Amino acid sequence: MKEENIRPAKLMERVDVLQVEDRKKLLKKKKGFIKIACPACQSKKHKTLFKKDGFIFVSCESCETVFVNPRPSFFMLAEYYEKAKSWKYWNDKIFPASENSRRNQIFAPRAKKVSALCDAYKAKKEILVDVGAGFGTFCEEIKNLGVFKEVIAVEPSRSLAETCCEKGIKVIVKPIEKANIKKASVITNFELIEHLFWPKDFLLGCARNLSRGGLIIITTPNIKGFDLLTLGKFSENISAPNHLNYFNIDSLGYLLKQCGFKIIESLTPGKLDSELVRKKIINGSFNVSINSFLKYILIDTWDKNGDSFQKFLENNNLSSHMWIVAKKL
Ligand SMILES: [Zn+2]
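Description of the structure in this document. As the structure is a prediction and not an experimental result, all values here were calculated from the model. (Residues numbered from 1 in each chain as written. Predicted model: local features only at pLDDT ≥ 70, side-chain atom pairs only at ≥ 80, totals over all residues. Heavy atoms only, no water.)

Turning next to the side chain of Asn-91. Along the chain, Asn-91 turns up in helix α4 (residues 85–120). In this structure, Asn-91 is in contact with Pro-96, Phe-135 and Leu-160, ignoring residues within four places of it in sequence. (Helix = DSSP H or I, 4+ residues; strand = E, 2+ residues; numbered from the N terminus. Contact = heavy atoms within 4.5 Å.)

Right, dumping it as C-alpha cells:
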C-alpha cells in the first residue's frame, strides 16, 4: 500500500489549508468546550501530554488512552461535520479521486477480512450494518461477496447517505444511537470511534442493535503503535477536532466489556507505520539523529529491511492501526 494513492499529496495540501480555517472557526467557541473523564475507563485522573493546533491532548493515568480534553460538545461536532469545508473537500474531491485505489487497497481486502472473521467466529450472516459508511465503498464490496443476506449503511451525513443511496445501498440516515435495527448479525465501523464525543454511548447503541452473539468489528488508531508512539504530536494522525480519542488495545477492550461485549480478537494489521515515520525523517520534520537504530532501519537499509520491519510490527500488535472483534453477550 502506498500513501500517495490513498491520500494524494496535492489534494492533501488544499485540505490542510481548509482544515486550518475550520479549526479556527471551531476554536472561537472554545468557551463551550466540555471537560470529560477518560472515554475508555472513565477515570478522572489524567496528565497533559502536549498541545497541538489549539487543542490539549491528555493521557489517562489509569489506562493510557490519549484524548482531547476539553473537547467540542456533541452538538458542536455535529455542526462541524455538517459545515466544515475540509470535510466537503474530502467528500467532493479526495474520496472520488482516490476511490479506485481505496477500493483495491483498502475496501476489497477489508471486506474479505470481515468475511473471514465472520467464518472463523461462526457469525450469523443475516444482516451486516456498517456504521459511518461514508462513501459506501465497503458496503459495495461486502455486498459483492454475497456473504450477507442484507447490508445496511448507517450514515448520519445527508450528502454521504445520498452517495450510498445512489450506489443502491440501503441507508439509515441517523447515528447508530438513534437507529432501531435491533437484530443485526454483524456491526462494522472503520476509523470512526476516534471521532466521537462519547464513544461509550456509541458502543451501547451498537450493542442495542446487535443480536445476542452478534459480532462488532472495529478499526481505529492504536496509540501504542509504532508510528504514533514514535512521532507523537508530529504525526498527521494526531489531529483535532477530527480525532478526539486514541485508544490502545487494552483500553478499547475494557470499554467494550463495559458495554456488554466479550473480546475475541485484537490485532494490528497496519501497513503504513514505517513509511509514515520514514517520510517524516526524509522531509526533515522528525529528527532521528539521536536514534541511530531507526535511521538504520528506515533510511540506510530501507530497501532490505523496510517490509520485514513493518511485518514485525504487524505480527506483534505494534502497528498504530488496530482491529478489535468482540461478541455481544
Ligand atoms: Zn482511562
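Having seen the structure, we can now continue with the description.
In space, the 7 strands of this open sheet follow the order β6-β5-β4-β7-β8-β11-β10, with mixed pairing throughout. At either end of the open sheet lies a strand with only one pairing partner, and these are β6 (170–172) and β10 (261–267). On average, each strand axis in the sheet is tilted by 20° relative to the strand beside it, whichever way the strands run. (Pairing = 2+ DSSP bridges. Axes fitted to C-alpha atoms, helices over the stretch in contact; angles between N-to-C directions.)

Here the focus is the coordination of the zinc ion. Think of it this way: four donors in a tetrahedron around the metal ideally sit 109.5 degrees apart, and six in an octahedron ideally sit 90 or 180 degrees apart. Coordination sphere of the zinc ion, protein contribution only: Cys-38 (SG), Cys-41 (SG), Cys-60 (SG) and Cys-63 (SG), at 2.3 Å. Seen from the zinc ion, its 4 donor atoms lie at angles of 101 to 117°, and the figure they make is tetrahedral. All donors to the zinc ion come from one chain, and their sequence spacing reads C-x2-C-x18-C-x2-C. In this pair, Cys-38 is assigned in the loop between α2 (9–27) and β1 (46–52) and Cys-60 in strand β2 (residues 55–60), connecting sequence segments 22 residues apart. Residue class for Cys-60 comes out buried when judged on its relative accessible area of 2%. (Donors = N, O, S within 2.8 Å, 3.2 Å for Na, K, Ca; no water. Tetrahedral: all angles 85-135°; square planar, octahedral: opposite > 155°, others 65-115°. Buried < 20%, exposed > 50% of the residue type's maximum accessible area, 1.4 Å probe, protein only.)

In a regular helix each residue adds 1.5 Å, so 14 residues correspond to 20 Å; helix α12 (residues 302–315) covers 19 Å between its end C-alpha atoms and thus fits that length. Every buried residue of α12 is listed here: Trp-302, Asn-305, Gly-306, Phe-309, Gln-310, Leu-313 and Glu-314. As for α12, its buried residues are in contact with α8 (226–231), α10 (273–282) and α11 (292–300). Where α12 terminates, the next one or two residues include Asn-317, which has phi positive at roughly 55°. (Expected span 1.5 Å × (residues − 1).)

It is possible for side chains of opposite charge to pair when their charged atoms get near one another. Counted according to the given criterion, the structure contains 17 salt bridges. Between Lys-83 and Glu-79 there is a salt bridge, and its shortest N-O distance comes to 3.2 Å. With Lys-83 and Glu-79 both in helix α3 (residues 74–83) and 4 residues apart, this pair spans about one turn of that helix. You can call Lys-83 exposed: its relative accessible area is 61%. Among the residues examined, Glu-79 registers a relative accessible area of 33% and is labelled partly exposed. (Salt bridge = Lys/Arg side-chain N within 4 Å of Asp/Glu carboxyl O.)

Turning our eyes to something else, we now look at the sheet that holds β1. Here we have 4 strands laid out as an open sheet, ordered β1-β2-β3-β9, and antiparallel in their pairing. In this open sheet, the two strands that pair with only one neighbour each are β1 and β9 (245–246). Of the pairings in the sheet, the one linking strand β3 (residues 66–68) to β9 comprises 2 bridges and is antiparallel in character. Looking at β9, one finds that Val-66 is bridged to Tyr-246.

The next point concerns the nonpolar core. If you look at the biggest cluster of nonpolar residues, it comprises 67 residues, and the most contacted ones within it are Phe-57, Val-129, Phe-202, Leu-203, Ile-216 and Leu-256. If you tally residues by element for this core, the top one is α4, at 5 residues. Residues in contact with Phe-57, not counting those within four places in the same chain, are Lys-47, Thr-48, Leu-49, Phe-50, Lys-52, Val-66, Phe-67, Val-68, Ile-238, Ser-239, Ala-240 and Tyr-246. Phe-107, Leu-128, Ala-161 and Val-325 belong to the second-largest nonpolar core, a separate cluster that totals 28 residues. (Core = buried A, V, L, I, M, F, W, Y, C linked by side-chain atoms within 4.5 Å.)

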